[in-house]
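Each chain, letter by letter, is given below.
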Amino acid sequence: MAALLATAAWSVQALEFRTLAEHGTVFYDAPSAQARKLFVGSRGMPLEVLIENRDWLRVRDQSGALAWVEKKALSDKRSVVVAVSKAEVRVAADAKSSLLFVAEKGVLFQLLEAGKTGWVKVKHRDGAVGFIRIEEVWGV
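What comes next is a walk through the structure. All figures in this text were calculated on a predicted structure; none of them were measured in a lab.

Comments concerning the layout of surface pockets
Right, so step 1: Looking at the largest pocket, its volume works out to about 410 Å³.
Right, so step 2: Along the walls of the largest pocket sit 16 residues, with G44, S79, L108, F109 and Q110 positioned nearest its centre.
Right, so step 3: Elements represented by at least two residues in the lining of the largest pocket include exactly strand 1 (10–20) and strand 11 (108–114).
Right, so step 4: Here the element with the most residues in the lining of the largest pocket is strand 11; it accounts for 3 residues.
Right, so step 5: Looking at the lining of the largest pocket, its residues break down into 5 nonpolar, 6 polar and 5 charged.

As structure tokens, then:
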């Protein structure tokens, strides 16, 4: 039985997030380019990896949609997306620190650090770096 499990083509991942590497990546309903196309994603989109099957990954997006995507379409770079209507981006990982700006739902950030303090350090595409409460973003 152990030998059978060791040679299985499928592997289940622990909670793992990756980022879509390029615009226009197609998501499928099965691990094959001949499968039905479900939707297209944009670069920077964070995805939760659920299952690995050779060159394909079963992923979940922020909305909860499940799909298959080619492994080569994902990057190890990490990003997060604002999951609440408005998230405050602060100078430091402290609710009393200065407010840099407020980000609307759906704004994408590069993840710089996932701290253990309940905050994540992020970078906006315009270069601004700050901290957001971990429960206000999706992708960590």
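Observations regarding the packing of aromatic side chains
Right, so step 1: One pass over the structure, following the stated rule, counts 4 aromatic pairs.
Right, so step 2: Here the aromatic rings of F17 and W138 are separated by 5.2 Å at their centres, their planes lie at 85 degrees, and the arrangement is edge-to-face. Taken together, the residues F17 in strand 1 and W138 in strand 14 (residues 137–138) connect sequence positions 121 residues apart.
Right, so step 3: Here W138 falls in the buried class, since its relative accessible area comes to 19%.

Remarks on the pairing of strand 4 (residues 46–53)
If a strand is regular, its side chains alternate between the two faces of the sheet.
Right, so step 1: In terms of burial, strand 4 is a largely internal element, 7 of the 8 residues being buried.
Right, so step 2: Alignment of strand 4 against strand 5 (residues 56–60), held across 5 bridges, turns out to be antiparallel. Within strand 5, the position partnered with E52 by the bridge is L57.
Right, so step 3: Between strand 4 and strand 5, which follow one another and run antiparallel, lie 2 residues, and R54 among them has a positive phi close to 55 degrees.

Criteria and cut-off values
Residues numbered from 1 in each chain as written. Predicted model: local features only at pLDDT ≥ 70, side-chain atom pairs only at ≥ 80, totals over all residues. Heavy atoms only, no water. 1 Å grid on protein atoms, 1.4 Å probe; cavity = no way out; pocket = protein on both sides within 12 Å on 5 of 7 lines; lining within 4 Å. Points joined across faces, edges and corners; volume = space filled by probe spheres on them. Helix = DSSP H or I, 4+ residues; strand = E, 2+ residues; numbered from the N terminus. Nonpolar A, V, L, I, M, F, W, Y, C, P; charged D, E, K, R; others polar. Phe/Tyr/Trp six-rings, centres within 6.5 Å; stacked < 30°, edge-to-face > 60°. Buried < 20%, exposed > 50% of the residue type's maximum accessible area, 1.4 Å probe, protein only. Pairing = 2+ DSSP bridges.

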